[in-house]
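Here's the letter readout for the chains.
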Amino acid sequence: MSEYTAPIPGLDAVEIAEPGAVTVVVPTFNESANIRRLLRLITESVPARLPCEVVFVDDSTDDTPEVIRAAAQDCPFPVAVLHRAEPVGGLGGAVVEGINAATSEWIVFMDGDCQHPPSLIPELVATGERANAGLVVASRYIEGGSRAGAVGGYRVAVSRGATWLTKALFPRRLHGISDPMSGFFAIRRSAVSADVLKPLGSKILLELAVRSRPGRVTEVPFVFQDRFAGEPKSTAREGFRFLRHLAGLRTASPVARMVGFGLIGASGFLPNLVGLWALTALGMYYLPAEIVANQFGVAWNFLLIEQLLFRDRRAHRRWWDRLGRFTLLANADLVLRIPLIALLVGRFGMGVVPATALALVMTFVLRFVGTEALVYLPRRRGSRARRAA
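Description of the structure in this document. (Residues numbered from 1 in each chain as written. Predicted model: local features only at pLDDT ≥ 70, side-chain atom pairs only at ≥ 80, totals over all residues. Heavy atoms only, no water.)

Our next topic: unusual backbone geometry. Positive phi outside glycine occurs at Asn30, with the angle close to 55 degrees. Its place among the elements puts Asn30 in the loop between strand E2 (22-28) and helix H1 (32-45). On the basis of relative accessible area, Asn30 is assigned to the partly exposed category, the value being 27%. You will see that Asn132, though not glycine, has its phi angle at about 50 degrees, which is positive. In this structure, Asn132 sits in the loop between helix H4 (121-131) and strand E6 (135-139). (Helix = DSSP H or I, 4+ residues; strand = E, 2+ residues; numbered from the N terminus. Buried < 20%, exposed > 50% of the residue type's maximum accessible area, 1.4 Å probe, protein only.)

Below is the structure:
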């Protein structure tokens, strides 16, 4: 459960009476060594004429919240700490919490490791006001920008590859955004609704641009700085979360989900055939072997569909309920297909091959619709209320 920490002495850390011009949201995870420097740089960078508040959304397991409290004593602006006991959604979830906590029209998001220069905060806000933009991205990939602080060719290559992949997948939504992987940007509070965001991992700018893109977007260059202290948080696990996030965004529409469903179903032939070969090699008769091997394909498809297509809908039912319903639908497909082929051949005079192809298409569509409706759609509230009564 998320909750604010106790107010910082001398500062109204939770309730700020007058909204500032800019809220700086800083997600943190064990960044205690960077806090004092970051707040000092923000103090030096934001002019007095630009009202400012800073909200730390903290998932730390160290003393970062206590360090923030102490360092905030010397700040001329309000500082709040939102400590999350359960860091739902990772860094992206922290950013959504920050959006909900912000009181200003402009919200600037930046990392807590000092790699994003606070000196750019006033420029981000001023650029957004001049351009009447809803989103201002600090970009490493336009003239004047640089990845100087991303030490190592491997990290640079991964970042470039991720940028190319996202822009290839979302050419329209990311038009005008040269650096969709940037974690440093400003957004107009009225241009975004936190309710539509479903973050997974750290790439919240990508989430914002795809699900809730503001009408006008502009960019300013920035030079990626060296990390002041601590170790980078990027891991292979975070990379897999990014790929799942991409898949979830790309398959958000029904048509895209159906295409993904078909591709996953086609990939299920591999474990099916491998299982059939193994079982028959062990001496099992081919008919029961076909039935058992089909379950390998069903399990494979279920795992991929859970991770790539319906990850955000899994909370509506327990995993064993979803698995049972999915397995029933997948095996019903086999039972339905044979009589359907017989009907098309015997009643309508179709050839065996075109009848089989048509039956495959028809049962595929039925299986997709059934999977959405019976496995992953939320239960009706009325029916749950009646059962509870």
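Additional details are given in the paragraphs that follow.
Once that is clear, we can look at the nonpolar core. Core analysis: the largest hydrophobic core is formed by 36 residues, its most contacted members being Val22, Val24, Val54, Phe56 and Leu124. By size, the runner-up hydrophobic cluster in this structure holds 30 residues, among which are Val57, Val96, Phe170 and Phe185. (Core = buried A, V, L, I, M, F, W, Y, C linked by side-chain atoms within 4.5 Å.)

Turning our attention to a nonpolar patch on the surface. Taken together, Met284, Val292 and Phe296 make up a surface patch of nonpolar side chains, about 230 Å² in accessible area. Residue position: Met284 is located in the loop between helix H9 (269-281) and helix H10 (286-308). (Patch = residues over 30% accessible without salt bridge, like charges linked within 9 Å, V, L, I, M, F, W, Y side chains within 5 Å. Areas by Shrake-Rupley, 256 points an atom, 1.4 Å probe, with all protein chains shown as cover. Salt bridge = Lys/Arg side-chain N within 4 Å of Asp/Glu carboxyl O.)

Another point: the packing of helix H11 (residues 319-346) against helix H12 (residues 352-376). Contact pair H11 / H12: the axes reach a minimum separation of 9 Å and the direction vectors enclose 155 degrees. Judged by the inter-axis angle, H11 sits roughly antiparallel to H12. The handedness of the crossing between H11 and H12 comes out as right-handed. Tallied by class, the residues present in the contact of H11 with H12 amount to 18 nonpolar, four polar and five charged. (Axes fitted to C-alpha atoms, helices over the stretch in contact; angles between N-to-C directions. Parallel < 35°, antiparallel > 145°, perpendicular 65-115°, else oblique. Left-handed = near helix turned anticlockwise from the far one by under 90°. Nonpolar A, V, L, I, M, F, W, Y, C, P; charged D, E, K, R; others polar.)

Using the criterion set out here, one finds seven salt bridges in the structure. Notably, a salt bridge pairs Glu66 with Arg69, separated by 3.6 Å at the nearest N-O pair. A residue pair is termed a helical-turn pair when its members lie 3 or 4 positions apart in one helix, as Glu66 and Arg69 do in helix H2 (residues 64-72) at three residues. For Glu66, a relative accessible area of 44% gives the class partly exposed.

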